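# Architecture and fold: a report
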Amino acid sequence: MADKLIIFDTTLRDGEQSPGASMTRDEKLRIARQLERLRVDVIEAGFAASSNGDFEAVQAIANAVKDSTVCSLSRANDRDISRAAEALKGANSARIHTFIATSPLHMEKKLRMTPDEVFEQAKLAVRFARNLVGDVEFSPEDGYRSDMDFLCRVLEAVISEGATTINVPDTVGYAVPELYGNFIKTLRERIPNSDKAIWSVHCHNDLGMAVANSLAGVKIGGARQVECTINGLGERAGNCSLEEVVMAVKTRRDYFGLDIGIDTQHILAASRMVSQTTGFVVQPNKAVVGANAFAHASGIHQDGVLKARDTYEIMRAEDVGWSANKIVLGKLSGRNAFKQRLQELGVSLDSESEINTAFARFKELADRKSEIFDEDILALVSDESVTSEKEQFGFVSLSQHSETGERPHATIVFTVNGREVRGESDGNGPVDASLKAIETHVKSGAEMVLYSVNAISGSTESQGEVTVRLQNSGRVVNGVGADPDIVVASAKAYLHALNKLQSKADRVAAQG
Ligand code: KIV
Ligand code: ZN
């Protein structure tokens, strides 16, 4: 029997550390459910000690998810580890992931600790965590830039203390595949008790090699866990991308010889959900989940694919969730068809009332748009007005006037804690006028650092999906909104971002 490769998803922890990608508790819960549907082995749900919000998110995910192990990150100290254990109490299967930096640079400049102090703290942390849960992962942060002898000493000690998984991060994305693979191999060969733990890889993408490095860690180094995120979400250039690593190991089973438990048909829905929730748009030529990933544009390719698909296709689009017929529903579709399509897309709404709200929104959309695509449905259900989440600001209606040679004017009605308010403003364009109209009431003082519009399903009939990134007092948030009218989509995205700015910002960073 082939070995199994464990897929450890850290979208909700390392992915969320990306500036602007922070998520609310309910958003995280929705994504965690999708990860469970995807049959991810371990879901790193957050960093419980970093903020009350993250504690609650980890707790909610631990209580809701039954089929995946739920994990919380914690620094290597008793307080963090206790918070993680407390948040994970409701989990069927819980893991504490504790870490401390081991590279000379991080120990000296960041931690201001001697190697001996780091060694002791790592041991004590794992010992403490093992008294609380049976499944403990240890990471030497910046492990790849650590001194090999020192790293062997630390890892041998934490395995003796009961660490069940040893994860070797390339925290700054400095590795190259062959060297990283050999680094893991050397650690496993030199550490006498290395066979008592599962070895894991965790690669950042600064040089665009996170997936290649992770796969080398598996193939050359013998790692049996890969840490990754949906769409490769993560700080700077991101983390190793789950969809790429999974499809590489599945498609090239002849080479890797490993089993993987992922239900790949849910990959696309997970990708869409993460992109729509965080506002991080997926590039069209992104492997597996990009809009062009399975589009054969050239005549020669199209001809080949029509004659025999495997002439140019190494994976089947359907296997990762691209449906063959993308036009799914229309104006005459009923509630049951809508509900079934949600199920096929892997979306489960929490209550009948959420389904009713989503269905009402679907009908409204179908009145304005003759063909409803999967993308439209996913955008619709990720809209916070469909879920039971209570937000400070909610969109109600918008009217705007623009004419060549005249300054556009907008009037917007929106709710502030349930009470309707009306704002009016001129602007350079209709979008500018609408957002200024919101600001006449909100006066957020936020600076807009990004505004982007994307046609969800590629034509002018399509819904526009707008991402707005706001910055205020050092905090960066993304808001997303979708509507066939891009001015309305912009207003929704802006309100979404304002809601995120209002939520408390008391989190501490996992690194740094
Ligand atoms: O990249 C890193 O070093 C991390 C650790 C906290 C595991 O994310
Ligand atoms: Zn990381």
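Owing to the predicted nature of the structure, the values given are computational and were not obtained by experimental measurement.

### Concerning the environment of D254
- Within the fold, D254 resides in helix α10 (residues 253–256).
- Looking at D254, its side chain comes within polar contact range of the side chain of R252, at 3.0 Å.

### Examining the domain arrangement of the protein
- For the protein, the domain assignment lists domain 1 (3–278), domain 2 (294–321), domain 3 (327–385) and domain 4 (390–502).
- Using C-alpha coordinates to define each centre, domain 3 is positioned 23 Å away from domain 4.
- With 12 residues of domain 3 at the contact, the number on the domain 4 side is 14 residues.
- Counting each side, the surface lost to burial between domain 3 and domain 4 is near 960 Å², with a carbon and sulfur contribution of 46%.
- The tally of links between domain 3 and domain 4 comes to zero salt bridges.

### So, unusual backbone geometry
- The backbone phi angle of R236 is positive, close to 50°, even though this residue is not glycine.
- A residue is classified by how much of its surface remains accessible, and R236, at 48% relative accessible area, is partly exposed.

### Looking at the environment of I372
- Checked against the element boundaries, I372 lands in strand β11 (residues 372–373).
- Its relative accessible area of 0% is what places I372 among the buried residues.
- Here the alpha-carbon distance between I372 and E27, two residues 345 residues apart in the chain, equals 24 Å.

### What to know about the site of ligand 1
- As a structural note, the neighbourhood of ligand 1 is formed by 11 residues, with R13, D14, T171, H202 and H204 the closest of them.
- Within the side chain of R13, one N or O atom sits 3.0 Å away from an oxygen atom of ligand 1.
- Taking 260 Å² as the accessible area of ligand 1 by itself, protein coverage stands at 100%.
- Looking at the shell around ligand 1, the elements with two or more residues in it are β4 (94–101) and β5 (136–141).
- Counted by class, the shell around ligand 1 contains two nonpolar, six polar and three charged residues.

### Regarding the pattern of salt bridges
- Under the definition given, this model contains 32 salt bridges.
- One salt bridge connects E141 with K110, and the closest N-O pair in it is separated by 2.8 Å. Note that E141 is positioned in strand β5 and K110 in helix α4 (residues 104–111), a separation of 31 residues in sequence.
- In this structure, the salt-bridge partner of K339 is E352, at a minimum N-O distance of 3.6 Å. Placement of K339 in helix α13 (residues 335–344) and of E352 in helix α14 (residues 352–368) is noted, with a sequence separation of 13 residues between them.
- K339 gets classed as partly exposed once you look at its relative accessible area, which sits at 26%.
- It is possible to trace a salt-bridge network through shared partners that takes in R13, D14 and E44.

### Some thoughts on the sheet that holds strand β12 (residues 393–401)
- As summarised here, the arrangement of the three strands in space is β12-β13-β14, forming an open sheet in which the pairing is antiparallel. In the strand order of this sheet, the two ends are held by β12 and β14 (419–426), each with one partner. Recorded for the sheet is a direction-independent mean angle of 15° between the axes of neighbouring strands.
- Against the sheet, helix α17 (residues 486–502) makes contact with β12 and β13 (409–416), and its axis sits at roughly 150° relative to β12, the strand it touches most.

Calculation criteria
Residues numbered from 1 in each chain as written. Chains lettered and ligands numbered in written order. Predicted model: local features only at pLDDT ≥ 70, side-chain atom pairs only at ≥ 80, totals over all residues. Heavy atoms only, no water. Helix = DSSP H or I, 4+ residues; strand = E, 2+ residues; numbered from the N terminus. Polar contact = N/O pair within 3.5 Å; in protein donor to acceptor, adjacent residues only side chain to side chain. Domains from an automatic or database assignment. Contact = heavy atoms within 4.5 Å. Buried area = accessible area lost by both parts, 1.4 Å probe. Salt bridge = Lys/Arg side-chain N within 4 Å of Asp/Glu carboxyl O. Buried < 20%, exposed > 50% of the residue type's maximum accessible area, 1.4 Å probe, protein only. Near = heavy atom within 4 Å. Areas by Shrake-Rupley, 256 points an atom, 1.4 Å probe, with all protein chains shown as cover. Nonpolar A, V, L, I, M, F, W, Y, C, P; charged D, E, K, R; others polar. Pairing = 2+ DSSP bridges. Axes fitted to C-alpha atoms, helices over the stretch in contact; angles between N-to-C directions.

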